[in-house]
Amino acid sequence: MTNFWQQTDKPLMALAPMEEVTDTVFREIVLSQTVPGNLHVVYTEFANTDGLCHPIGKEKVIHRLQVNPSERKLLKEKNVKLVAQIWGSKPEKYAETCKMICEEMDYDGIDINMGCPVPKIVKQGSCSKLITTPTLASEIIHACQENSNIPVSVKTRIGFKEVITEEWIGHLLDHNLPAVLIHGRTQSMMSEGLADWNEIAKGGILRDAKNKKTAIIGNGDVKSIAESEEKCETHNIDGVMIGRGIFHNPWLFTPEREEPTQAEKLQLLWDHASLFDKTWGDTKNFRQLRRFFKIYASNFKDAGVLRAALMESRDLAHVKDIFKEWGFSPIEKY
Ligand SMILES: Cc1cc2nc3c(=O)[nH]c(=O)nc-3n(C[C@H](O)[C@H](O)[C@H](O)COP(=O)(O)O)c2cc1C
């Protein structure tokens, strides 16, 4: 089994899984702007194992694991690994899902979500709730490991209600995992407060004390590669995963480049919206793109005015009309 978590040059940089954000479309947009060597791993949105194993339910979930051929090409060109993230609470469903992913899809890794804090998911005993049920967490990890021929990692938090980094990360480290990705918050913190990087650093200390090879990847509030490098040096970890930072700067993984011009920003917005439309058509609500508009329409004169108009857009043709009024003609790429 090729273990890219260990093979990749350190520090390892990863784009975090984000629901309704890191679909094949946005990953392709980010990859298209990334210089090879700056980003090593990207993730899908989390996909539910019960849904994926259900003959009818599968249809509702499978889009989360869709990979466009154009994204595939960029992943290869830029040597970036793609990880499918899955969640659920039943080991047998994880086993079935891992078999399906390994036999029918082309992923480099599988990640178990043991971090999502959302109450309706926690109620099902899944994601961050697994921090409170370590025996079930072990069963799930084993079910995945026994049914996968690609590396199985875990993305988690430093505790559920209380911080229990030593106990919980120590437990995970007993499972021969190639990587543990640690978001430095508890479930009860949700996305509030600051991620605790001193707790994340304990992951590296525990790993060394246990003499394991597991890559420890830190996550929480990081906004640049420079900050990631600094965190890796000072916190004895192997890499950093960045999530919301990409909302501030989609060019984050190419720090060498100059501030993009207004035309470059609007072109990327158009690329994103048109690829979204081509990929999903009517199967996804165009409004999902709204959260992205402010990424692109910012930091230039009257950007707020354009943004306000874009927030009202109903479809791709409408975006084009708004651009026309603005005096911008995008190049058709997709
Ligand atoms: C909109 C959104 C969706 C998210 N969806 C997922 C997900 O599907 N799986 C997951 O493990 N974490 C998910 N997260 C959490 C992020 O992966 C990450 O752990 C968190 O945002 C902290 O990192 P950051 O400060 O770099 O954003 C999501 C976060 C956001 C903001």
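Residues numbered from 1 in each chain as written. Predicted model: local features only at pLDDT ≥ 70, side-chain atom pairs only at ≥ 80, totals over all residues.

**Concerning the overall build of the protein**
Piece 1. Along its length, the protein carries 16 helices and nine strands.
Piece 2. Whereas a compact globule of 334 residues would reach a radius of gyration of roughly 20 Å, the protein reaches 20 Å, a difference of no more than 12%.
Piece 3. The principal-axis extent of the C-alpha atoms belonging to the protein is close to 60 × 50 × 35 Å.
Piece 4. Counting only residues that meet the buried cut, the protein has 46% of its 334 residues in that class. (Helix = DSSP H or I, 4+ residues; strand = E, 2+ residues; numbered from the N terminus. Rg over C-alpha atoms; globule rule 2.2 N^0.38 Å. Buried ≥ 20, exposed ≤ 12 C-beta atoms within 10 Å, placed from the backbone.)

**Observations concerning the site of the ligand**
Piece 1. Every one of the 21 residues lining the ligand counts as a neighbour, but Ala16, Met18, Phe46, Gly243 and Arg244 are closest to it.
Piece 2. In terms of residue class, the shell around the ligand is made up of eight nonpolar, eight polar and five charged. (Near = placed C-beta within 6 Å. Nonpolar A, V, L, I, M, F, W, Y, C, P; charged D, E, K, R; others polar.)

**A closer look at the domain arrangement of the protein**
Piece 1. Domain annotation of the protein identifies domain 1 (4-248) and domain 2 (262-326).
Piece 2. On a C-alpha basis, the centres of domain 1 and domain 2 stand 29 Å from each other.
Piece 3. Counting residues per element, the side of domain 1 that touches domain 2 draws most heavily on helix H2 (residues 24-32), at five residues.
Piece 4. Per-class residue counts for the side of domain 1 that touches domain 2 are four nonpolar, two polar and two charged. (Domains from an automatic or database assignment.)

**So, the nonpolar core**
Piece 1. Within the largest apolar cluster, 88 residues are counted, with the highest numbers of intra-cluster contacts made by Leu15, Ile110, Cys144, Val180 and Ile217.
Piece 2. The greatest single-element share of this core, amounting to seven residues, is contributed by helix H13 (residues 262-280).
Piece 3. Each of domain 1 (4-248) and domain 2 (262-326) accounts for three or more of the residues forming this core.
Piece 4. Excluding residues that lie within four positions of it along the chain, isoleucine 110 makes contacts with Val83, Ala84, Ile86, Cys98, Ile101, Cys144, Ser148, Ile150 and Val152. (Core = buried A, V, L, I, M, F, W, Y, C linked by C-beta atoms within 7 Å. Contact = placed C-beta atoms within 7 Å.)

**Some points on the pairing of strand S9 (residues 239-242)**
Piece 1. Burial of S9 is two-sided: the residues Gly239 and Met241 facing one way and the residues Val240 and Ile242 facing the other way are all buried.
Piece 2. Of the pairings in the sheet, the one linking strand S8 (residues 215-219) to S9 comprises three bridges and is parallel in character. Across the sheet, the residue bridging to glycine 218 is valine 240, located in S9.
Piece 3. Read from S8 through helix H11 (residues 225-235) to S9, the crossover connection turns out right-handed. (Pairing = 2+ DSSP bridges. Right-handed = clockwise from strand over helix to strand, strands pointing away.)

**Regarding the packing of helix H6 (residues 91-104) against helix H8 (residues 134-146)**
Piece 1. Interhelical geometry of H6 versus H8 gives an angle of 25° and a closest axis separation of 8 Å. It follows that H6 is roughly parallel to H8 by the angle criterion. Note that H6 runs across H8; the crossing there is right-handed. Of the residues in H8, those in contact with Pro91, Glu92, Tyr94, Ala95 and Cys98 of H6 are Glu139, Ile140, Ala143, Cys144 and Glu146. (Axes fitted to C-alpha atoms, helices over the stretch in contact; angles between N-to-C directions. Parallel < 35°, antiparallel > 145°, perpendicular 65-115°, else oblique. Left-handed = near helix turned anticlockwise from the far one by under 90°.)

**What about the environment of serine 188?**
Piece 1. Of note, serine 188 is situated in the loop between strand S7 (179-186) and helix H10 (197-209).
Piece 2. When the C-alpha positions of serine 188 and histidine 171 are compared, they lie 20 Å apart, and in sequence the two are 17 residues distant.

**Re unusual backbone geometry**
Piece 1. A positive phi angle, near 75°, is found at aspartate 221, a position not held by glycine.
Piece 2. Inspection of the secondary structure puts aspartate 221 in the loop between S8 and H11.
Piece 3. On the basis of neighbour count, aspartate 221 is assigned to the partly exposed category, with 19 C-beta atoms found within 10 Å.
Piece 4. Phi angles above zero are rare outside glycine, and aspartate 302 is one such case at about 60°.

**What about the pairing of S7?**
Piece 1. With respect to burial, S7 is a largely interior element, eight of its eight residues being buried.
Piece 2. Of the strand pairs in this sheet, strand S6 (residues 152-159) and S7 are connected by five bridges, and their pairing is parallel. Bridging across to S7, glycine 159 finds its partner in threonine 186.
Piece 3. For the handedness criterion, the β-α-β arrangement of S6, helix H9 (residues 165-172) and S7 is classed as right-handed.
Piece 4. Pairing between S7 and S8: five bridges, direction parallel.

**Considering the environment of lysine 231**
Piece 1. Looking at the secondary structure, you find lysine 231 in helix H11.
Piece 2. Residues lysine 231 and tryptophan 197, 34 residues apart in the sequence, show an inter-C-alpha distance of 8.3 Å.

**Regarding H2**
Piece 1. Counting buried positions along H2 yields eight of nine residues, so the element is predominantly enclosed.
Piece 2. Among the residues of H2, Thr24, Val25, Phe26, Arg27, Glu28, Ile29, Val30 and Leu31 are the ones counted as buried.
Piece 3. For H2, the secondary structure elements touched by its buried residues are strand S1 (12-15), strand S2 (41-43), helix H5 (69-77), helix H12 (245-248) and H13.

**As for H8**
Piece 1. With 13 residues, H8 ought to run about 18 Å at 1.5 Å a step, and its terminal C-alpha atoms sit 18 Å apart, in line with that.
Piece 2. Within H8, burial applies to Ala137, Ile140, Ile141, Ala143 and Cys144. All buried residues of H8 fall inside an arc of 160° around its axis, so they share one side.
Piece 3. Taken together, the buried residues of H8 touch H6, strand S5 (109-114) and S6. (Expected span 1.5 Å × (residues − 1). Arc of directions from axis to C-beta.)

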